[in-house]
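# Descriptive analysis of the structure
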Amino acid sequence: MHKIEYLTAKNNSLSCKIDNILLHSAYNPENEAKNVVETIHLSFKPDYFFIIEPGINYLYKLIKQKFPDCKICILRFTKDFDDYNYNADKNFYILDTSANSFETDLINFFHDEGILKTHFIQWQPSGKIFKQETDFAWETIKKVIQYSQTILNTNGFFAKRWLKNSISFLKFSKNFSTIKKGHCDILVTASGISLNSSLNDIKKIRKEIFLIAVSSSLKPLIYAGILPDMVISTDGGFWAKKHLSPVLLNKALPVAISPESNCPKKILQENPIISLCYSDGIGSTLVKKLIPETIIAERNGTVSGTAIEFALSITDGNVYVCGLDLSGSPSFQHTNPNEIETFNSCFDNKINNVETRQTISRFNSNSLKVYENWFSKNSRKFNNRVIRISNGFNYQNKLGEIKDIDFSQIKIKTNSLKPEITKPFMLKINIQQIKEEITKFSENDDFIKECFPIECLTASRTVDSVERENLNIKLKTDTKRLIESLF
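Reading the values: the criteria
Residues numbered from 1 in each chain as written. Predicted model: local features only at pLDDT ≥ 70, side-chain atom pairs only at ≥ 80, totals over all residues. Heavy atoms only, no water. pLDDT = per-residue confidence, 0-100. Contact = heavy atoms within 4.5 Å. Patch = residues over 30% accessible without salt bridge, like charges linked within 9 Å, V, L, I, M, F, W, Y side chains within 5 Å. Areas by Shrake-Rupley, 256 points an atom, 1.4 Å probe, with all protein chains shown as cover. Salt bridge = Lys/Arg side-chain N within 4 Å of Asp/Glu carboxyl O. Lys, Arg positive; Asp, Glu negative; His and termini not counted. Charge placed at Lys NZ, Arg CZ, Asp CG, Glu CD. Helix = DSSP H or I, 4+ residues; strand = E, 2+ residues; numbered from the N terminus. Buried < 20%, exposed > 50% of the residue type's maximum accessible area, 1.4 Å probe, protein only. Pairing = 2+ DSSP bridges. Right-handed = clockwise from strand over helix to strand, strands pointing away. Axes fitted to C-alpha atoms, helices over the stretch in contact; angles between N-to-C directions. Phe/Tyr/Trp six-rings, centres within 6.5 Å; stacked < 30°, edge-to-face > 60°. Lys NZ or Arg CZ within 6 Å of the ring centre and 35° of its normal.

Our next topic: the confidence of the model for the chain. Averaged over every residue, the pLDDT of the chain is 88; residues scoring 70 or more account for 92%. Counted against residues more than four places away or in other chains, residues 343–365, with its pLDDT under 50, gives 20 contacts.

Before going further, it helps to spend a moment on a positive patch on the surface. Residues Arg161, Lys164, Lys241 and Lys242 make up a contiguous surface patch of positive charge. Of all elements in the fold, only helix H5 (131–172) and helix H8 (238–243) reach the threshold of two or more residues within the positive patch. With respect to the element layout, Lys242 can be found in helix H8. Here Lys242 falls in the partly exposed class, since its relative accessible area comes to 35%.

Backbone geometry at Asn57 places phi at a positive 70°, although glycine is not the residue there. Structurally, the position occupied by Asn57 is in the loop between strand S4 (48–52) and helix H2 (59–66). On the accessibility criterion, Asn57 (2% relative accessible area) is buried. Positive phi, close to 55°, is recorded for His111, a residue that is not glycine. Inspection of the secondary structure assignment puts His111 in the loop between helix H3 (101–110) and strand S7 (118–122). The class for His111 is exposed, based on a relative accessible area of 54%.

Once that is clear, we can look at the sheet that holds strand S3 (residues 21–22). The strand order S1-S2-S3 describes an open sheet built from three strands, whose pairing is antiparallel. Edge strands, defined here as strands with exactly one partner in the open sheet, are strand S1 (4–8) and S3.

To continue, consider the pairing of strand S5 (residues 71–76). Among the six residues that make up S5, five are buried, leaving the element largely enclosed by the rest of the structure. Two strands pair when backbone bridges link them, and S4 and S5 are joined in this way by five bridges, in the parallel orientation. By the bridge assignment for S5, Ile52 is matched with Leu75. The parallel pair S4 and S5, bridged by H2, forms a crossover whose chirality is right-handed. The pairing of S5 with strand S6 (residues 90–93) spans four bridges and is classified as parallel. What sits directly across from Cys73, in S6, is Lys90.

With that settled, the discussion passes to the environment of Leu248. With respect to the helices, strands and loops of the structure, Leu248 is situated in the loop between H8 and strand S13 (255–257). According to the relative accessible area criterion, Leu248 is partly exposed, its value standing at 33%. As a C-alpha pair, Leu248 and Lys34 span 214 residues in sequence and 68 Å in three-dimensional space. Among residues more than four places away in sequence, those in contact with Leu248 are Pro264, Lys266 and Ile267.

As enumerated under the stated definition, the model contains 17 salt bridges in all. Notably, a salt bridge pairs Arg76 with Glu53, separated by 2.7 Å at the nearest N-O pair. Taken as a pair, Arg76 in strand S5 and Glu53 in the loop between S4 and H2 lie far apart in primary sequence, 23 residues in all. Comparing Arg76 with Glu53, the two get one shared label, buried. Ionic pairing is found between Glu113 and Lys117, a salt bridge with its closest N-O pair at 3.1 Å. For the pair formed by Glu113 and Lys117, the shared burial category is buried. It is possible to trace a salt-bridge network through shared partners that takes in Asp47, Glu113, Lys117 and Lys449.

Our focus in this paragraph is the sheet that holds S4. The four strands lie next to each other as S6-S5-S4-S7, forming an open sheet whose pairing is parallel. Every other strand in the sheet has two partners, leaving S6 and S7 as the edge strands with one partner each. Taking the axes of each pair of neighbouring strands and ignoring which way they run, one obtains an average angle of 20° across the sheet. Examined bridge by bridge, S4 and S7 share five bridges and lie parallel to one another. Paired with Ile51 across the bridge in S7 is Ile121. Across the face of the sheet, H2 comes into contact with S4, S5 and S7 while running at roughly 160° to S5. Relative to S7, H5 is tilted by about 170°, and along the sheet it contacts S4, S5 and S7.

Within a pair of aromatic rings, the relevant descriptors are the distance that separates the centres and the angle that separates the planes. Inspection of the entire model under this criterion finds 20 aromatic pairs. Consider the rings of Phe441 and Phe447, whose centres lie 5.6 Å apart with planes at 80°: the pair is edge-to-face. A single burial state applies to Phe441 and to Phe447, both of which are buried. Cluster of aromatic residues (ring-pair linked, three or more members): Tyr48, Phe50, Phe92, Phe102, Phe109, Phe110, Phe120 and Trp138. The cationic tip of Arg461 hangs over the ring face of Phe44; the distance from NZ or CZ to the ring centre is 4.1 Å.

Below, the structure written as structure tokens:
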């Protein structure tokens, strides 16, 4: 606990000291803050100023006066100065360095790129007084900046692939279905190793529940003789397409996919397709324009998150989830058979064997921690309707307020109305229609930003107006070339 003492400075302004160290000048606190603001020299055009523990906060008004268009965020190490937050756009807190809520708060507020448009200011005296908190703050900020850079690089790399997937989705899909809400309990299966010991239990309750299989869990279900009511896939990568391969043997199995998903052409042409649309993205915008009936889905880092929120939207019953381990395993990371394991096993040899692969996979499961944090953070909004089930599996984590129970404890609603997948309606979209809509949309800044996120960020940060204009002209030229290449 820090000892805070307020005092009157020589110019009659309020000052203070913490643990006998002056936080503000004992002579003229306003002039001290003015000197700090005058030394701000920007190498880029920021959208935000982020002040790290400014105490009584003489900085706020001066920064707002000099940079009126910028939003101001304040990080507090104590709530004693809350009366001096004024009208800050966001107040962050680090009251306990053992908690990771600060990192989550940064990501949620700045989203993908906001933190890359932020100028940080450390009030130097507070850095000396709150050394541990300051070190923790800078370490966390660095981590979130790296995370944002990774997201932008990933989006920049995959955006064009997602656009191509969306064109294929519109070009080849023919049989579109929707789904009517029901009242029964729903089971969502993911592919964690806990699924393996639960397969026999799933068979016992299969007739009473509506079963949604995340694409990576489909193969072990089919292998065990369990056919789901539908499959869901939202990934635009190579393995998403591989995981859907069992669908090729069942033309009647409905597939819920987003336009960005990587899906075999034959499935789009032959299977009932439930079109999942996000609130953002080129693909979803196009699909909403050209397909009369779509279903709103939530964009998440993991398909399991999207599947669970989708399940909640189509029933007022409980949503049970199986195979949602979200942690590394000393052996296989997924329930077998699994497409990734089948593919990788072809390259095993005496030197690089299966054990080597498992070890590498175990130490490279950082993304699982991100997904675990997402479920923990969002667990409260599920209102106790999402329950993780297994056959006595010893989970290595706890997903916030999501309960963990065994199949022996499950209480399934019997004879309840199941969600109904409607009879497919035929719709053939002309490639010329797709091209016309994309050409119109390409004139929108959102289109350019999605396809060229790094280049757009560079242009928005550029201080020189002429250079910024040249970058924007180049972006428009690159966009036209992209559309030409797609068609």
